[in-house]
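Chain and residue survey
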Amino acid sequence: MSSRSLFWQRLRRHRLAVASLVVVVLVSLACLAAPILAPFEFDQIDLRNIRQAPGPVHWLGTDDLGRDLFTRILFGGRVSILIGLLAAIVGTGFGSLVGAVAGYFGGRVDGLLMRFTDVVFSIPTLPLLIVLASYTQAGAVSMSVTIGALSWMATARVVRGEVLKIRAMEYIEAARGLGASSTRIITRHVLPNAVGPIVVGATLAVGNAIILESSLSFLGLGIQPPARTWGNMLMDAQSTMQTEPWLSIFPGMAILIVVLAVNFLGDGLQDALDPRAETR
Amino acid sequence: MTRYVVRRLLQMIPLLLGITVLLFAVIQAAPGGPEAALLQQDRFIDPAAIEAYRERLGVDQPVPVQYVRWLGGVVRGDLGISFSTTRPVSEMILERLPATLELMGASFLIAAVLAFLLGVTSAIRQYSWFDHLGTGLSFLGIAMPVFWFALLLQLLFAVRLGWLPVSGRSTVGVESLADHLLHLILPATVLSFRYVAGWSRYLRSSMLEVLRTDYVRTARAKGLPERVVVWRHALRNAVIPVVSVMALNLAGLFSGAVITETIFSWPGIGRMFVTAMFARDYPLLMGILLLGSTMVVFFNLVADIVYGALDPRIRYE
């Protein structure tokens, strides 16, 4: 059996992971299709229907300007999920690159890069992120890059370890003997073989980034209105927590569901991609 | 062992130096400089006054000069003078440190006790409803946005039910241990949640591995009560990898304290950090970040030492 079909077979057995994959895909598609799917206009103010509790017309209720919460959650999800994906790509990409280069070249390059990794790893992430986020006019891209810039270290270490293992294999020697360049060997032979831990790390990073954005939003350092994220919706709803609790409960639930699903998925991928994991 | 510890302590020096360089560079990269906090107040300030202000703070000097000056102070235990209060940074940090350590300590204790009970019970009843509940809870702990969880608890236990105080470290005018502990419950629960989740899962899998070993079977075979086999024989070995993870996470509690303290108006370092960030109080920010980083580096070492001390098969030479 090819390794790919074996992978799918293993993943399918992980029912929770499959369900999570479905949830993530559905939520992402729904948010992506928000302009079509949403029952109301994104910023449609309706002063006759302010602070409505969840009901048949406004499924999740309305805010203090009568704006439909369900609609706003769909639109907010676009930015939140985008940040999650972008930050994961930035962090995982950079981490893989650092790890691969360090592991492949070894010696002084390795020493230098890994000491740098140690230094960044030793600084408490959230406080440093708070400082960095306060410098930028928070847009989705700069926010993702900032989060990614502080979440690559674990990937770098894992990838380096994998590369050290792979580097010693004969087929790498064969490739080198055939005159392949270092760049080619790293991108064509080394990285594809370290893909398991990279994919798992990237999956978990998506959830992590969504949570971090919401933490920054809480301090007023996240994405600024009028752009909406689940994080800054939560922040706005803080003051009305007692009178209109649905305004904070539903955006929080949205974060919880997506991050939960992403974590289950990462867990399932880990089992499916690890050939040594026992099958039960 | 002593030689190993000394060697590790010496290795900490270049690491900490690297950390200070990076931190200093990041803090100095702030657009606008410390006077930006003054200018935010929207009134006209004479440029000459701003120049004098910068000179007084020492930020008119080139960055490397500032760094060397700052480092020279740090070596002598002087973290500089806070821009916003003009008091020594070390004094301000020491003043707030007990509150933060108290919160971290309480959270650590709660997390450890719950994680042990949950982890061991899930392991001996693998795939039972209790085990599945534990798995569910632990994923919740990782996926829950901290401040949302905090707000929900605040709403339920403080506002609706009125059982616990909403925020603060004690009621004004009341000086009692009970009052103090009541104030501690919510923030410590919030801060520990994530670690209950992580550690109990970790202990569960470690326990499952140990329970399958021969010596556990021998212990059972010679007729020891299951309670003794699990809690005395098996747990002793299962706990080793978990303890080092716990030590590593201690420093993570510091990061978490920033959000938790801000929500619950807990008068600790985390909240001071947020204030310092908005006031662009560079020396105070540097001091707090350096303290946090030192904790990380220190607890890394503790984790390794504990690991070696608990497992006699590991020898550091």
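Residues numbered from 1 in each chain as written. Chains lettered and ligands numbered in written order. Predicted model: local features only at pLDDT ≥ 70, side-chain atom pairs only at ≥ 80, totals over all residues. Heavy atoms only, no water.

1. Brief notes about the nonpolar core
Rules: By nonpolar core is meant a set of buried Ala, Val, Leu, Ile, Met, Phe, Trp, Tyr and Cys residues that side-chain atoms within 4.5 Å join together. Buried, partly exposed and exposed residues are distinguished by accessible area as a fraction of the type maximum, computed with a 1.4 Å probe on protein chains only: under 20%, between the cut-offs, and over 50%, respectively.
If you look at the biggest cluster of nonpolar residues, it comprises 147 residues, and the most contacted ones within it are I130 and W230 of chain A. Counting 12 residues, the second-largest nonpolar core is a separate cluster that includes A100, V159, I166 and I198 of chain A.

2. Some thoughts on unusual backbone geometry
Residue and element names in this part refer to chain B. Defined as follows: What counts as a helix is a DSSP run of H or I of at least four residues, what counts as a strand is a run of E of at least two, and both are numbered from the N terminus.
Positive phi, normally seen in glycine, also occurs at T86, with a value near 55°. Along the polypeptide, T86 turns up in the loop between α4 (63-75) and α5 (89-124). Of note in the backbone geometry, Y127 takes a positive phi value of approximately 65° without being a glycine. Relative to the helices and strands, Y127 resides in the loop between α5 and α6 (129-143).

3. Structural notes on the packing of aromatic side chains
All names here are of chain B. Put simply, the test is: Pairs were defined over the aromatic rings of Phe, Tyr and Trp, the Trp ring being its six-membered one, requiring ring centres within 6.5 Å. Orientation was assigned from the angle between planes: stacked under 30 degrees, edge-to-face over 60, tilted for the rest.
Counted according to the given criterion, the structure contains 15 aromatic pairs over all chains. For the ring pair F108 and W199, a centre distance of 5.5 Å and an interplane angle of 70° mean the geometry is edge-to-face. You can see F108 sitting in helix α5 and its partner W199 sitting in helix α8 (residues 177-211), a full 91 residues away along the chain. F108 sits in the partly exposed class, given a relative accessible area of 23%.

4. Observations concerning the side chain of N263 of chain A
Structurally, N263 of chain A is set in helix α13 (residues 246-273). The buried category is assigned to N263 of chain A, whose relative accessible area is 9%.

5. What about the confidence of the model for chain B?
Heads up, the rule is: The score called pLDDT rates the predictor's confidence residue by residue, from a low of 0 to a high of 100.
Per-residue confidence for chain B gives a mean pLDDT of 85, with 95% of residues at or over 70. Of all secondary-structure elements in chain B, the lowest mean pLDDT belongs to helix α2 (residues 35-39) of chain B, at 63, while α5 of chain B reaches the highest, 92.

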